[in-house]
Amino acid sequence: MSASGGTKAIVAALAANLAIAVAKFVAFLFSGSSSMLAESVHSLADSGNQALLLLGGKKAQREATPQHPFGYGRERYIYAFLVSIVLFSVGGMFALYEGYEKIKHPHEIEAWYWPVGVLVFAIIAETFSFRTAIKESNVLRGKKSWTEFVRHAKAPELPVVLLEDLGALVGLILALGGVGLALITGDGVWDGIGTLCIGVLLILIAIILAAETKSLLLGEAAGAEDVEKIAEAVVDGDTVTRVIHMRTLHLGPEELLVAAKIAVQHDDTATEIANAINAAEARIREAVPIARVIYLEPDIYSEAEAAKGSDLDATPGGPTPTADH
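Model, not experiment: these values are computed from the prediction.

Caption draft 1: Quick look at the overall build of the protein chain. The secondary structure content of the protein chain amounts to 10 helices and three strands. Put simply, the protein chain runs from its N terminus to its C terminus through helices and strands in the order α-α-α-α-α-α-α-α-β-β-α-β-α. In terms of overall size, the protein chain is more extended than a compact globule, its C-alpha atoms giving a radius of gyration of 26 Å where 325 residues would be expected to give roughly 20 Å. The principal-axis extents of the C-alpha atoms in the protein chain amount to approximately 90 × 40 × 35 Å. Within the protein chain, contacts between residues separated by at least 24 positions form 74% of all contacts whose residues are at least 6 apart in sequence.

As structure tokens, this is what we get:
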């Protein structure tokens, strides 16, 4: 996995979550707090998720084979999707079940200093992990808002870690609130309510992650900025006069397929066209380095053919599409 895959952020989150999971479980054993048990399972699930992201990054580096000629870049999307499933089932559903049981059979929290102390420690540790994820993301985010970054990022790891860390921090605050209210009122039901809130939060985050990684798995085009760069790089104004139509597809976060029909002069020789295509491919790779698989088909542009049919994108002379995600 390259640096853009956020390896530093993943490792930081993994180390923090393993330490926090152990601390929370110890606090649960001493206090009997259901919020602490739900949070310990949440941190354990997050640790497994970070391990999945690292495994996906490792598998994505395998060389292409005859059976998989475009390589294994999408392994990273698959493992990111698995993260959303683990977060939903292990984290969210368990917290809902534990919260329901605690509300149904409430009991007072014992040794209150254990859960409170561990939660404060966990908030500090998660804050450092979240800060690392933010710092790594800012390198790629540019001028995009955080919502746009999560929705449009082609590398899934950083959005996953960002949402997990955000969910962890909010979950810790909910757990601290549930434990605090249970201690103040002497009613363990508040601990169960806090646990239910944690479950709902985790399920919402899992749904968001599943939706975004599903879009990546289905295959997304290059961003609008990269599409524009590619279209400009193809045309040399001499042999290649315009892009008739073009399609792009992410084979992985850092590998882009470009397929385009380009207009050439009707009296160009085969050698001139072949040289122009080679030069266009070189310009594309210089403009957008992740464009590693390029197929350019020469054709003669025709206004009459472009006007035929309702699907201009499928017709020679049709407009160049832009990315919508």
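From this point on, the discussion continues.
Caption draft 2: Layout of the packing of aromatic side chains. Per the stated rule, a full pass over the model turns up four aromatic pairs. With centroids separated by 6.0 Å and ring planes inclined at 75 degrees, the aromatic side chains of W112 and Y113 adopt a geometry described as edge-to-face. Classification of Y113 as exposed rests on a relative accessible area of 52%. Directly above the ring of Y72 sits R62, whose terminal nitrogen or CZ lies 3.9 Å from the centroid. Against the face of W146 rests R141, its NZ or CZ located 4.0 Å from the ring centre.

Caption draft 3: Focus on helix 9 (residues 270-287). In this model helix 9 runs 26 Å from its N-terminal to its C-terminal C-alpha over 18 residues, within 8% of the 26 Å that 1.5 Å per residue would give. Residues of helix 9 that are buried: I273, A276, I277, A280, E281 and I284. Around the axis of helix 9, the buried residues are gathered within 140 degrees of arc, so they sit on the same side. Set apart from the buried face of helix 9 by more than 90 degrees, the exposed residues are T271 and E286. Along its buried surface, helix 9 packs onto helix 8 (224-234), strand 1 (240-252), strand 2 (255-264) and strand 3 (291-299).

Caption draft 4: The nonpolar core, seen in detail. In terms of nonpolar packing, the biggest core is built from 42 residues, with L53, V161 and L209 touching the most fellow members. Of all elements in the fold, only helix 1 (7-31), helix 2 (34-59), helix 3 (75-104), helix 4 (113-141), helix 5 (146-152), helix 6 (157-185) and helix 7 (189-218) reach the threshold of two or more residues within this core. With 10 residues, helix 6 is the largest single contributor of residues to this core. Grouped together as the second largest cluster of nonpolar side chains are 23 residues, V234, M246, V288 and L296 included.

Caption draft 5: The arrangement of the environment of I205 in detail. Locating I205 in the fold gives a position in helix 7. With 14 residues separating them along the chain, I205 and G219 place their C-alpha atoms 22 Å apart. Discounting residues that sit within four places of it in the chain, I205 has contacts with L87, L163 and G167.

Caption draft 6: The arrangement of the pattern of salt bridges in detail. The tally for this structure, following the rule as stated, stands at nine salt bridges. What emerges from the salt-bridge pattern is a single network uniting R76, E157 and E254.

Caption draft 7: Quick peek at the pairing of strand 1. Where strand 1 lies against strand 2, 10 bridges are found, and the strand directions are antiparallel. Following the sheet pairing, V240 is matched in strand 2 by V264. If you look at the hairpin formed by strand 1 and strand 2, you'll find two residues sitting between the two strands.

Analysis parameters
Residues numbered from 1 in each chain as written. Predicted model: local features only at pLDDT ≥ 70, side-chain atom pairs only at ≥ 80, totals over all residues. Heavy atoms only, no water. Helix = DSSP H or I, 4+ residues; strand = E, 2+ residues; numbered from the N terminus. Rg over C-alpha atoms; globule rule 2.2 N^0.38 Å. Contact = heavy atoms within 4.5 Å. Phe/Tyr/Trp six-rings, centres within 6.5 Å; stacked < 30°, edge-to-face > 60°. Buried < 20%, exposed > 50% of the residue type's maximum accessible area, 1.4 Å probe, protein only. Lys NZ or Arg CZ within 6 Å of the ring centre and 35° of its normal. Expected span 1.5 Å × (residues − 1). Arc of directions from axis to C-beta. Core = buried A, V, L, I, M, F, W, Y, C linked by side-chain atoms within 4.5 Å. Salt bridge = Lys/Arg side-chain N within 4 Å of Asp/Glu carboxyl O. Pairing = 2+ DSSP bridges.

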